[in-house]
Amino acid sequence: MTKPVVIIVGRSGQLARSLALRAAGEGIDCHSLGRPEFDLAARTDRAVLTREFDRAREAGAEPVLVNTAAFTDVSGAERDPDTARRLNADAPGELARLCTDCGVTMIHISTDYVFSGRADRPYRESDRAAPATVYGQTKLNGENRIRASLHDHVIVRTSGLFSPFGHNFLKTMARMAAEGRSPRVVTDQISCPTSALDLADVLLAIARRAGTRDLVRGLFHYCGNTAITWHGFAERIFAHVGGPAAIHQVGQTTSAEFDPDTPRPAYSVLDCRAIADAYGLERPSFEAAIARDLRDWAKTG
């Protein structure tokens, strides 16, 4: 099997950084593209990417494009739908067309927000998408544009990313716990928070199959193995930082109180059986992921 060269669109985001770290640990060549050299908000610079594809092939490797870039501010997308559309829909479509022209496999990250959040069981890939937000709609449009123009694609929907990198819920709650603060966290949104490091391992497992008959194309779900409210997640983090008694510091609120102008899915648990069957991937322990990511953050400061 030819070793891949992973070309990451996105450089500073937590998933891009997690992917670069995991790739380096496995001896996989990885190149991250980001601003100012490569700016999806402005345009997709075909020359930058084609040079990366050519370098990989000259080295006898299989180039794989992983698009981690997105406009992920759910409330911000409601205020600035044009930018959300550019980053979440237009740009993925342009990347997919370029990958078609160059014969490159593309792995793209999507979201649980493509669903309405009114289900009473985990969402399967075949379930009807019905996003209630600009963010969810633009991400769904991006999926559709990739499917329409690129055969060799894998789209992975995920949920609630956290990691030792960047700004995310895990680090925010851990800081508040260490400072003895008492946040109010929503109790009426259930999802499966996902470590970006664990998702990175999944993406690398897929990338290794690019250019082979073992690549299983299409749409998949991957998230953490525990369905929980954001309030419950905060309690777990506080317990890791301050011990079991610290969970009493976490207060409660509702989605309507937290952000009355932006609807969020009440239930967006994803069914991950398809990716487990296709790629033989098991989901690591949620508790272990929290502990590891907090430990790694403490090491890096």
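Here, every reference points to the structure presented above.
Because the structure is predicted, anything quoted here is derived from the model rather than measured.

Student: Please give an account of the sheet that holds strand β4 (residues 105–111) that cites residues and values.
Tutor: Strand order in the open sheet made by the 6 strands is β2-β1-β3-β4-β5-β10, with parallel pairing throughout. Bordering the open sheet on either side are β2 (29–33) and β10 (218–221), each of which pairs with just one other strand. Taking each pair of neighbouring strands and ignoring which way they run, the sheet shows an average axis angle of 20°. Bridging between β4 and strand β5 (residues 153–158) involves 6 bridges; their strand directions are parallel. Looking across to β5, one finds that His108 is bridged to Ile155. Lying on the sheet, helix α5 (residues 134–149) is in contact with β4, β5 and β10; it crosses β4 at an angle near 160°.

Student: Let's hear about the pairing of β4: which residues, and what values?
Tutor: Most of β4 is tucked away, with 7 of its 7 residues classed as buried. Burial along β4 is two-sided: Thr105, Ile107, Ile109 and Thr111 and Met106, His108 and Ser110, pointing in opposite directions, are all buried. Where strand β3 (residues 62–67) meets β4, 4 bridges bridge the pair, whose relative direction is parallel. Paired with Val64 across the two strands is Thr105, which belongs to β4. As a crossover connection, the stretch from β4 through α5 into β5 is right-handed.

Student: Any details on the side chain of Ser116? Residues and values, ideally.
Tutor: Along the polypeptide, Ser116 turns up in the loop between β4 and α5. On the basis of relative accessible area, Ser116 is assigned to the buried category, the value being 18%. Leaving out residues up to four positions away in the same chain, Ser116 has contacts with Tyr123, Ala130 and Pro265.

Student: So what's going on with the nonpolar core? Which residues, and what values?
Tutor: By size, the foremost hydrophobic cluster in this structure holds 40 residues, and its most contacted members are Leu203, Ile206, Ile275 and Tyr279. Listing elements by their share of this core, those giving two or more residues are β1 (4–9), α1 (14–25), β3, β4, β5, α7 (196–207) and α10 (273–279). With 31 residues, the next largest nonpolar core counts Ala56, Phe71, Ala96 and Tyr135 among its residues.

Definitions and limits used
Every chain is numbered on its own, with residues counted from 1 as its sequence reads. With the structure being a predicted model, the display of local features is reserved for residues of pLDDT at least 70 and the display and counting of side-chain atom pairs for 80 or more, all residues being used for whole-chain, interface and lining totals. Here the side-chain values reflect all heavy atoms present in the structure, with hydrogen atoms and water set aside. One requirement defines pairing of two strands: DSSP has to find at least two bridges between them. Each helix corresponds to a stretch of at least 4 residues labelled H or I by DSSP, and each strand to a stretch of at least 2 residues labelled E; elements are numbered beginning at the N terminus. The convention used is that axes are lines fitted to C-alpha atoms, helices contributing only their stretch in contact, and that angles between N-to-C directions extend from 0 to 180 degrees. Working rule for contacts: check all heavy atoms of both residues, and any pair within 4.5 Å makes them a contact. Only protein chains enter the accessibility calculation, which uses a 1.4 Å probe; a residue is then buried when its area is under 20% of its type maximum, exposed when over 50%, and partly exposed in between. Convention used here: a crossover is right-handed provided that the path from the first strand, over the helix, to the second strand proceeds clockwise when the strands point away from the viewer. Here, the term nonpolar core denotes a set of buried Ala, Val, Leu, Ile, Met, Phe, Trp, Tyr and Cys residues that are joined through side-chain atoms within 4.5 Å.

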